[in-house]
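Single-letter residue listing:
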Amino acid sequence: MTQGSQSVQRPIEVAVIGGGCAGMTAALELSHPKHGGRFTVTVYQEGWRLGGKGASGRGPSGRVEEHGLHVWLGFYDNAFRMMRACYDELAATGSSPYGDWREAFVPQSVMGLFATTEQQGWQKWVGHFPPRSGLPGDPQTPGEMHSLPRYIAKALRLLRALLIETDVHRHGGTHRPADDLRDPNKLLAAAQTLLGRGVFTTAAALAEAIGLLGTAIGMLAAPFDAAILQLAGKVAAGLRLWLETNVLAEDRHRHVWEIIDLVLAILVGTVRFGLLTNPQGLDAIEEYECRDWLRLNGASERSLKSPFINGLYDLALAYEDGDRDKPRLAAGQALRGALRMFFGYRGALYWRMRSGMGDVVFAPIYEVLRRRGVRFRFFHRLTNVGLPGKGPADHVASLTFDVQAETTDGRDYVPLRDVQGRPCWPSRPDWAQLTGGDTGHDLESHWDRHCIRTETLHVTRDFDFVVLAVSVGAIPHVGREIVAHDPRWRRMTENVKTVASQAFQLWLTEDLARLGWPSPPDIVSAFVKPFDTWCDMAHVVPEEEWATPPATSVYFCGVLPDPAELPADSDAQYPERRRLEVRDRAAGFLAETARHLWPNAYDAGGKFRWDLLADATGQTPPPSGPERFATQYWRANVNPSDRYVLNVPGSSRHRISPLDNTYDNLTIAGDWTSCGFNEGCVEAAVMSGLLAAHALSGLPALKDIDGYDHP
Amino acid sequence: MTTGERMSRPAPEREAPNRGVPSDPAVHEVVAHAVRVGYEVIGDNIRQGKTAADRITAGDYAVKDLPDELTQLSLRLLQLTRDMSATTFDLIGAVLRDPNLQNAIKGLAPSLTPAVSGKPAAAPPAAAPPTAAVTLTCVVRGNPKAFGMPSMLQHPEQAAALSIAGLFSPNPALPSLKGIKFVPAPGGQGIAAIVDVPDSQPAGNYSGVICDSATHQTLGTLTVQVMP
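What counts and how
- Residues numbered from 1 in each chain as written.
- Chains lettered and ligands numbered in written order.
- Predicted model: local features only at pLDDT ≥ 70, side-chain atom pairs only at ≥ 80, totals over all residues.
- Helix = DSSP H or I, 4+ residues; strand = E, 2+ residues; numbered from the N terminus.
- Buried ≥ 20, exposed ≤ 12 C-beta atoms within 10 Å, placed from the backbone.
- Contact = placed C-beta atoms within 7 Å.
- Axes fitted to C-alpha atoms, helices over the stretch in contact; angles between N-to-C directions.
- Parallel < 35°, antiparallel > 145°, perpendicular 65-115°, else oblique.
- Left-handed = near helix turned anticlockwise from the far one by under 90°.
- Nonpolar A, V, L, I, M, F, W, Y, C, P; charged D, E, K, R; others polar.
- Pairing = 2+ DSSP bridges.
- Core = buried A, V, L, I, M, F, W, Y, C linked by C-beta atoms within 7 Å.
- pLDDT = per-residue confidence, 0-100.
- Expected span 1.5 Å × (residues − 1).

### A few points about the overall build of chain A
Tallying secondary structure elements over chain A gives 16 helices and 25 strands in all. Per-residue burial over chain A gives 54% buried out of 711 residues.

### Side note on the overall build of chain B
Looking only at helices and strands, chain B features three helices and eight strands. Within chain B, buried positions represent 39% of all 228 residues. Pairs at least 24 apart in sequence give 70% of the contacts found in chain B among residues at least 6 apart.

### Focus: the packing of helix α2 (residues 77-92) of chain A against helix α11 (residues 357-371) of chain A
Residue and element names in this part refer to chain A. Relative orientation of the contacting elements α2 and α11 amounts to 55°, with a least axis distance of 10 Å. Classified by the angle their axes make, α2 and α11 are oblique. In this structure, the crossing between α2 and α11 has a hand that is left-handed. When α2 is examined against α11, the residues M83, C86, Y87, E89 and L90 are found in contact with a partner set consisting of V361, P364, I365, E367 and V368. Taken together, the residues of the contact of α2 with α11 sort by class into eight nonpolar, no polar and two charged.

### Here we look at the sheet that holds strand β1 (residues 12-17) of chain A
Residue and element names in this part refer to chain A. With parallel pairing, the five strands of this open sheet are ordered in space as β11-β2-β1-β17-β25. Here the strands that pair on one side only, and so sit at the sheet edges, are β11 (375-377) and β25 (666-668). Strand-to-strand twist in this sheet, taken as the mean axis angle between neighbours without regard to direction, amounts to 20°. The sheet contacts of helix α16 (residues 682-697) involve β1, β2 (39-44), β17 (465-468) and β25, and relative to β25 the element is tilted by about 165°.

### Observations regarding the sheet that holds strand β2 (residues 146-149) of chain B
Two strands in a sheet stick together by hydrogen bonds in their backbones, pointing the same way (parallel) or opposite ways (antiparallel). Residues and elements named next belong to chain B. Overall, antiparallel pairing links the four strands, which are arranged β2-β8-β7-β4 in an open sheet. The sheet is open, and its two borders are formed by β2 and β4 (162-164), each paired with just one other strand. Neighbouring strand axes in the sheet, compared pairwise and without regard to direction, differ in orientation by 30° on average. In terms of strand pairing, strand β7 (residues 204-212) meets strand β8 (residues 218-226) through eight bridges, oriented antiparallel. Residue pairing across strands places G208 opposite L222, the latter belonging to β8.

### Regarding the packing of helix α1 (residues 21-30) of chain A against α11 of chain A
Residues and elements named next belong to chain A. Two elements in contact, α1 and α11, have axes separated by 10 Å at closest approach and are oriented at 30°. Our classification of the angle between α1 and α11 gives roughly parallel. Crossing angle aside, the handedness with which α1 passes α11 is left-handed. From α1, M24, A27 and L28 reach across to α11, where they touch F362, I365, V368 and L369. When its residues are assigned to classes, the contact of α1 with α11 shows seven nonpolar, no polar and no charged.

### Focus on the pairing of strand β19 (residues 501-508) of chain A
Residue and element names in this part refer to chain A. The buried fraction of β19 is high, at eight of eight residues. On β19, burial covers both faces: S501, A503, Q505 and W507 on one face and Q502, F504, L506 and L508 on the other are all buried. Where β19 lies against strand β22 (residues 552-559), eight bridges are found, and the strand directions are antiparallel. When the sheet's bridge partners are listed, Q505 is paired in β22 with Y555. Examined bridge by bridge, β19 and strand β23 (residues 633-637) share five bridges and lie antiparallel to one another. Its bridge partner lying in β23, Q502 is registered against A636.

### Considerations on the nonpolar core
Residues and elements named next belong to chain A. Ranked by internal contacts, the top residues of the largest apolar core, which has 197 residues, are V14, V16, I17, A26, A27, V466 and V467. A total of eleven residues in this core trace back to one element, the largest contributor, which is α16. Those residues within four positions of A26 in sequence are excluded, and the remaining contacts are V16, V467, A469, A669, G689, A692 and A693.

### Considering unusual backbone geometry
Leaving glycine aside, a negative phi is the common case for residues, and trans is the common case for peptide bonds. Residue and element names in this part refer to chain A. Cis geometry is adopted by the peptide bond preceding P530, which originates at K529 and carries an omega value of 5°. Note on placement: P530 falls in the loop between β20 (523-525) and β21 (533-536). Omega for the bond connecting T620 with P621 falls within 30 degrees of zero, at -10°, which places this linkage in the cis form. Mapped onto the secondary structure, P621 falls in the loop between α15 (574-591) and β23. Positive phi outside glycine occurs at F379, with the angle close to 60°. Turning to its location among the elements, F379 is positioned in the loop between β11 and β12 (380-386).

### Quick look at the pairing of β22 of chain A
Residues and elements named next belong to chain A. Within β22, eight of the eight residues are buried, which leaves the element mostly enclosed by the surrounding structure. In this sheet, β22 lies alongside β21 in antiparallel orientation, the contact comprising four bridges. Bridging from a neighbouring strand, T533 pairs with C557 of β22.

### Considerations on the environment of D706 of chain A
All names here are of chain A. Within the element layout of this structure, D706 appears in the segment after α16. The spatial distance from the C-alpha of D706 to the C-alpha of Q333 is 16 Å, given a sequence separation of 373 residues. Once residues lying within four places of it in the same chain are set aside, the contact partners of D706 are D77, N78 and Q140.

### A few points about the environment of H395 of chain A
The residue H395 of chain A is located in the loop between β12 and β13 (398-403) in this model. The buried category is assigned to H395 of chain A, around which 21 C-beta atoms lie within 10 Å. For H395 of chain A, the residues in contact, after removing those within four places along its chain, are P388, V459, Y663, D664, N665 and L666 of chain A together with R6 of chain B.

### Brief notes about the confidence of the model for chain A
Interpreting fine coordinate detail is not advised for predicted regions of low pLDDT. Per-residue confidence for chain A gives a mean pLDDT of 85, with 81% of residues at or over 70. Across residues 160-240 of chain A, where pLDDT falls below 50, the model places 175 contacts with residues more than four positions away in sequence or in other chains.

### Quick word on the environment of V403 of chain A
Residue and element names in this part refer to chain A. Note that V403 resides in strand β13. Residue V403 is classed as partly exposed on the basis of its C-beta count, with 15 C-beta atoms lying within 10 Å. Put simply, V403 and C451 are 48 residues apart on the chain and 5.5 Å apart in space, counted from C-alpha to C-alpha. Sequence-distant contacts of V403, defined by excluding residues within four places in its chain, comprise F379, H380, C451, I452, R453, T454 and E455.

### What to know about α1 of chain A
Counting buried positions over the ten residues of α1 of chain A gives ten, a clear majority of the element. For α1 of chain A, the complete set of buried residues consists of C21, A22, G23, M24, T25, A26, A27, L28, E29 and L30 of chain A.

### Remarks on the confidence of the model for chain B
Residue and element names in this part refer to chain B. Put simply, chain B has an average pLDDT of 61, and 41% of its residues get 70 or more. The element-level mean pLDDT for chain B is lowest in helix α2 (residues 66-97), coming to 43, with strand β6 (residues 191-197) highest at 87. Note on residues 22-46: pLDDT is under 50 here. Beyond four places in sequence and across chains, it has 74 contacts. Taken as a whole, residues 55-98 scores under 50 in pLDDT and shows 97 contacts with residues more than four places along the chain or in a different chain. Per the prediction output, this complex has pTM 0.75; the corresponding ipTM is 0.78.

### Here's the deal with α2 of chain A
Residues and elements named next belong to chain A. Between its first and last C-alpha, α2 extends 22 Å over 16 residues, near the 22 Å set by a 1.5 Å rise per residue. All of the buried residues along α2 are D77, N78, A79, F80, M82, M83, C86, Y87 and L90. Structurally, α2 contributes buried residues whose contacts are with α1, β5 (72-73), α11 and α16. Directly after α2, the chain includes G94, whose backbone phi takes a positive value near 75°.

As structure tokens, this is what we get:
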């Protein structure tokens, strides 16, 4: 055996299994010219397309059909850096599909959140997050690296900005009439309003501040006077009671002090838990549930139920088993994510993709890799990672695949097709290239085990190194031998939880402004379960191929509860049953709940106007009434590899790093690994891919993986 | 296809993030100071707000005064909330970033001792400064004929390390004043500039521009007058 790869002269054969963000990042790194051809990379992918949980396809009328709702946050520096390099490499050959990367990613600075009001209406809070200097993926300025003290300063500046800039609109509920100051009763009401507007909403925050600051003082080393703290506590308690009774029922102002309350709780907790100097950084509180930790540091129950906290959980799909009554989010990573999201972004808070994620991200990556000589083996479903039959179980000896399809001429499968002049992934395999034509099988379904033959790769003969970049949900199925052999892997698969998700997309013949949505196109969260998060995607429509383009498209997503008992692998109809569930739930959402968003989408009789739904299928005449929903797109992400990765309290310590060297020719990659940012997102997947590449090649240097050493 | 000896990965330099930061015992003390100052500033205003609230609840406000008083109180407390971050808490960031300012605060050690036991905090500070500005107090040491002109300092876009090249007279023949330090104002409101003026300093007005040393953003001016 050759210890280390430095002395090997021949190219090192690397099998990358899984074409999601993590696997593609590793492939890009290992095939980079900086290695001088040291690695030969082959990507093995089930089905017909790359992308993993970020895969998208083109359906009828070239419409984009996504796994869910994807946005790239403005702190995804590693991910943006990778995409910028891809676009630059393609541009150098004149083949970049969108030109500059900034043509493919659209900056957004507005985020909306919903909360129920005391009057059972809906209150929408709109946060405007100003553009910041730089662009995601720019080199970090020396001295500007991640540090908690800097976050503290930024948190307080945000607090002030929110006080000044927050805009509140109420939908539903009861509005106060205009005040007539000659009427004593109305005068009192006016006084209440004034108090709520300027004095006691602020004073509430100040009351919270004084109590929390008192806690902070008590935790600090300096000897402060306990009597002062007692006095402060009494003042704060009395005033808080007064405010709760008299003022805070006024919905319009509650968000201000909720934010202040939460920010102060974070500040207090930061000091109280010694996070500024703890060698574990925010991992020191990773065992705490996020709400519990905030509560421990003085956050009020009102704030813990606020739309900001609800939005934090909704955006992270942080509901164990998909159960809305089981919100679970590890405090350390939640705080790390929130700090980076709000205070670490560059350019814009978040960026939407101009087209499908498959088209904007994975098609360019595929083109770059192919030009570099990376080989792709589509229709290869991994079924087993084999350990040695004898001797120490310290490496991967074999990889076994179900081959789902083969091309008719034996050449490589051509996976992309042109839509509007750009290479795109289709929503279905191109059966014309495949032997036997359309077999009717779902080649991405875990429960459809269609296979025309099996293929086993052997170490030293077919591969040297393995990048296992399937999702953690699939590990128990494809890594049975390792899980059975290695207790750490078993604990990882038991403790790193995943959740199923559901999504649907609408194409509407009227834009959202006409339908009564008063705000700019933005992402909105903390709305009614299960479709609590949605986004106006009007900017994608021009990329599609409609004979008569709709006015907009809107994507919804949320968690999907698991059944009490997970289905057997032989239950081939399970995905379709869940899909039908999603369809019915989505149609029901339109029939009733969406009226809070788009009041003009309902006729005078209060019925949803189903003819608003644009029909891409070209049926004549198009279906009418609720049947029209069948022309839209929906999906249930129930496949093990499609399930969203959670970070529940106490689970991080069970994650295994791509740097782990227990199996000396294997590394792992995915947002489920211990990658420095343990959260289900593109950035985590990319970071893990970089770590996997580092594990095999020594590059990139760990210091160049942005945020890996984040506190 | 490959054949040959089995290869293994290079040994990893480490397998986990290095999340630790250098320990600085001064950090807690500095944060403690800023927190205590924040308490003093807002504490008194909380009491004022409570008094006003009780008066309103009891109905002993003159009706004709009510709207104006409430409006004024509203604006003042809202302003104070903003100042809470503008002056006090932002200093946390500034202090943690600027070693000179840290040293200056350490030099204020006596002021870090708590207030008298059993009594409320110190008297309320002066009225709050305008929005997005910080009160700049000038503390002159040395020459008894010299005094500083209070002014306003624009709130920096981010936590800033303040810098000033010196204070200069319009008459280039006169010597400039150097070595100016910035510290949080002891009353908790704004920033104090400490200027050492020698007895020999000629009479006249001396002024200079205060910048954020990182961004070179101009934040305000500082002026010292030396009487004849």
